[in-house]
Amino acid sequence: MKNRLKVLRAENDLTQADLAKRLDVSRQTVNAIETGKYDPSLPLAFKIARLFKQQIEQIFDDEEDKAG
Amino acid sequence: MNTFAMNTTIKHTIRGLAIWTAAWLVSTAMAVFGPTFLWGSNTLLSAFFILINVGVGVGMVMANIRYILSVDEMLQKIQLQAMGITLGITLIAGIAYSIADITNVISQDAEISFLVILMGLTYITASAILNKKYK
C-alpha cells in the first residue's frame, strides 16, 4: 500500500523521531510505513489521519482498489 | 499513553524480563547442580527446587508477555513472526531428532539441551532478519 506519510511529514517539518513520538510508536515503525514495508493497523492509520487533519484515503492509497 | 510514558514502560518491562530470566537461570542451575554439590540425594529438596524453577519460569513467561504488549504494533508483528518461525523449526527439528534417536540413526541419546540451543539460535536469527526486513 502506497502512502503520503513522508510528504506530509516533510510539509509539517517533522523528523521521523518527532512523528514517532506523536504517534507513540518507534522510529523504525514510522520508517517502515513510509517505505511501504509495513501497513499500519486501522487505529494507527486513524491516528495518522487525525494528526495531519486528513481523511485516511487521502494518505493511504490502496492500489488493489484501483486495479479492481 | 504519551511517548515518555511508553518508553518508560518499555524500559520497565525489559528490566522486569531481564530480572525474571536471570532468576530462572539461577533456579535452573540450583535444580540441576544442587543434588551434586549441595544436598546430595535429598529428593524432597530436589522436588522443592524443581517447583521453584517452574514457578519462576511462569513468572518469566508473564514478564515476556508484558514486554511484548508494551512495544508498538510493528515490533509485536516482528516478535510474532520470529516466535512462529522458532516454534515451527523447533517442532520439526525436535521430532526429526527424536525419530533419529529412536531408529538409531544417531549413536547418542537425543538431548533436550540441543533443542533449547536450536530454539535460541533460531529466535535470534529470525528476529535479526525480520528487524532488518522492516528497517
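Caption draft 1: Summary view of the overall build of chain A. Within chain A, the regular secondary structure consists of six helices and two strands. The helix and strand sequence of chain A, counted from the amino end, reads β-α-α-α-α-α-β-α. Its C-alpha atoms give chain A a radius of gyration of 11 Å, within 12% of the compact-globule value 11 Å for 68 residues. Oriented by its inertia axes, the alpha-carbon framework of chain A measures out at about 35 × 25 × 20 Å.

Caption draft 2: View of the environment of A:I56. Of note, A:I56 is situated in helix α5 (residues 56-59). Discounting residues that sit within four places of it in the chain, A:I56 has contacts with A:A45, A:F46 and A:A49.

Caption draft 3: The arrangement of the nonpolar core in detail. Ranked by size, the top nonpolar core spans twelve residues in total: A:L5, A:L8, A:L19, A:V25, A:V30, A:A32, A:I33, A:Y38, A:I48, B:M74, B:I78 and B:A82. Listing elements by their share of this core, those giving two or more residues are α1 (5-11) and α3 (27-34) of chain A together with α3 (73-102) of chain B. In this view, B:A82 contacts B:Y123, B:A126, B:S127 and B:L130; residues no more than four positions away in its chain are not counted. Among the nonpolar cores identified, the runner-up in size contains six residues, and B:W20, B:V56, B:M60 and B:Y67 belong to it.

Caption draft 4: Examining the interface of chain A and chain B more closely. At the interface, eleven residues of chain A touch nine residues of chain B. A total of three residues in the side of chain A that touches chain B trace back to one element, the largest contributor, which is α3(A). Of the residues that constitute the side of chain A that touches chain B, the class distribution is four nonpolar, four polar and three charged.

Caption draft 5: Geometry of the domain arrangement of chain B. Per the domain assignment, the segments making up chain B are domain 1 (1-71) and domain 2 (72-135). For domain 1 of chain B and domain 2 of chain B, the distance between their C-alpha centres works out to 21 Å.

Conventions we followed
- Residues numbered from 1 in each chain as written.
- Chains lettered and ligands numbered in written order.
- Predicted model: local features only at pLDDT ≥ 70, side-chain atom pairs only at ≥ 80, totals over all residues.
- Helix = DSSP H or I, 4+ residues; strand = E, 2+ residues; numbered from the N terminus.
- Rg over C-alpha atoms; globule rule 2.2 N^0.38 Å.
- Contact = placed C-beta atoms within 7 Å.
- Core = buried A, V, L, I, M, F, W, Y, C linked by C-beta atoms within 7 Å.
- Buried ≥ 20, exposed ≤ 12 C-beta atoms within 10 Å, placed from the backbone.
- Nonpolar A, V, L, I, M, F, W, Y, C, P; charged D, E, K, R; others polar.
- Domains from an automatic or database assignment.

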